[in-house]
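# Structural description and commentary
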Amino acid sequence: MPYRYFYDCEFIEDGRLVDLVSIGVVDEYGREFYAVSTEFDDSRALPWVRRNVLDKLPSPADPAWRSRERIRGDLYEFLTEPVRDRPAEKIELWAWYAAYDHVVLCQLWGRMPDLPREIPRFTKDLRQRWDDVGRPPLPEAAAARHDALVDARHNLARWQAMGG
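Given the structure is predicted, the values throughout are model-derived calculations rather than measurements. Positions within a chain are numbered from 1, following the residues in the order the chain's sequence is written. Note on the predicted model: pLDDT of at least 70 is required for a residue's local features to be given, and 80 or more for side-chain atom pairs to be given and counted; whole-chain, interface and lining totals, by contrast, use all residues. Excluding hydrogens and water, the side-chain values take into account all heavy atoms of the structure.

The subject of this paragraph is the overall build of the chain. For the purposes of this entry, the term helix denotes a DSSP run of H or I that reaches at least four residues, the term strand denotes a run of E that reaches at least two, and both are numbered from the N terminus. Broken down by element type, the chain carries five helices and six strands. Tracing the chain from N to C terminus, the helices and strands come up as β-β-β-α-β-α-β-α-β-α-α. Throughout, radius of gyration means the C-alpha value; the globule benchmark is 2.2 Å times the number of residues raised to the power 0.38. For 164 residues, the compact-globule estimate of 2.2 N^0.38 gives 15 Å, and the C-alpha radius of gyration of the chain, at 15 Å, lies within 12% of that figure. For the chain, contacts bridging at least 24 residues in sequence account for 67% of all contacts bridging at least 6. Between two residues, a contact is recorded if the distance between any of their heavy atoms is within 4.5 Å.

Attention now goes to the pairing of strand β3 (residues 32-37). Think of it in three bands: with a 1.4 Å probe and only protein chains considered, a residue is buried below 20% of the maximum accessible area for its type, exposed above 50%, and partly exposed in between. With five of six residues buried, β3 lies mostly within the body of the structure. Two strands are counted as paired when DSSP detects at least two bridges linking them. Sheet analysis places strand β2 (residues 18-27) next to β3, joined by five bridges and oriented antiparallel. Bridging from a neighbouring strand, Val25 pairs with Phe33 of β3. Of the pairings in the sheet, the one linking β3 to strand β4 (residues 65-66) comprises two bridges and is parallel in character. Bridged to Ser37 within β4 is Arg66.

The subject of this paragraph is helix α3 (residues 98-107). For α3, the full list of buried residues reads Ala98, Asp101, His102, Val104, Leu105 and Cys106. Close packing links the buried residues of α3 with β1 (2-13), β2, α2 (68-80), β5 (90-95) and β6 (124-125).

This paragraph deals with the layout of surface pockets. The space that makes up the largest pocket amounts to roughly 520 Å³. Only protein atoms enter the calculation, which uses a 1 Å grid: trapped sets of points that fit a 1.4 Å probe without letting it out are cavities, open sets showing protein on both sides within 12 Å along at least five of seven lines are pockets, and any residue with an atom within 4 Å of a point is a lining residue. Lining the largest pocket are 20 residues, with Asp8, Cys9, Glu10, Trp48 and His146 positioned closest to its centre. Looking at the lining of the largest pocket, the element that brings in the most residues is β1, giving six residues. Three categories are distinguished: nonpolar for Ala, Val, Leu, Ile, Met, Phe, Trp, Tyr, Cys and Pro, charged for Asp, Glu, Lys and Arg, and polar for the others, with Gly belonging to the last. Of the residues assigned to the lining of the largest pocket, the class counts are 10 nonpolar, three polar and seven charged. Forming the boundary of the second largest pocket are Tyr76, Thr80, Val83, Arg84, Arg86, Pro87, Glu89, Lys90, Ile91, Arg117 and Glu118. Mapped by element, the contributors of at least two residues to the lining of the second largest pocket are α2 and β5. Grid points are joined across faces, edges and corners, and a volume is the space filled by probe spheres set on the points.

What follows covers the state of the cysteines. Should the sulfur atoms of two cysteines be covalently bonded, the bond is a disulfide. Cysteine sulfur atoms that pair up within 2.5 Å are treated as a disulfide. A full pass over the atoms with the stated rule returns zero disulfides. Not engaged in a disulfide, the cysteine Cys9 finds its nearest cysteine sulfur in Cys106; these two sulfurs lie 9.8 Å apart. With a relative accessible area of 7%, Cys106 lands in the buried category.

Helix span, as expected, comes to 1.5 Å for every residue beyond the first. For helix α5 (residues 148-161), spanning 14 residues, the distance from its first C-alpha to its last is 20 Å, which sits close to the expected 20 Å at 1.5 Å a residue. Of all 14 residues in α5, 10 are buried, a share of seventy percent or more. Of the surrounding elements, those touching the buried residues of α5 are β1, β2, β3, β5 and α4 (126-132). The definition of a polar contact used here is a pair of N or O atoms within 3.5 Å, where within protein one atom must be able to donate a hydrogen and the other to accept one, and adjacent residues in sequence count solely through side-chain atom pairs. You can read the cap of α5 off the contacts: a side-chain oxygen lies 2.9 Å from the backbone nitrogen of Leu149, and it is on Asp147. Positive backbone phi, at 95 degrees, marks Gly163, one or two positions downstream of α5.

So, on to empty space enclosed by the protein. Within this structure, the stated rule accounts for one cavity of 30 Å³ or more. When its volume is computed, the largest cavity comes out at roughly 30 Å³. Lining the largest cavity are Glu10, Ser22, Tyr34, Val53, Lys56, Leu57, His146, Asp147 and Ala148. Residues that form the lining of the largest cavity fall into these classes: four nonpolar, two polar and three charged.

Put into structure tokens, the structure is as follows:
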């Protein structure tokens, strides 16, 4: 039985490197996780990323700002806590255009072999599912798009609109 998480990552990428800015994760039951990396290199951000992502981040004094090491530990606890004593339930990850999000998530642990066994080696793609189920109407995106937590919530709403 799957325990589903819906997530979104904001990142800076240049065609070679993908650098986590923020991650938002929600589960089907209302639990939420949000973190902003203290380690991304904002000098590599394109103007679009500056305008649409960096300018929307919370104040650096906000507790969401964490080191990658702390994000990794806190995210691991968030993802595994509900299934820890339920071996029949496995974590399932979902994202909209999931490829880059999955790479960013995995890079928190380093190389893919370093990803803990409890965390899936792939993320299911909501955009592909939408095509597969006949492109039903989806909820409108919030005005605060490109905020990782807002987008993660929207991914859950998309899943629900597709019949879950």
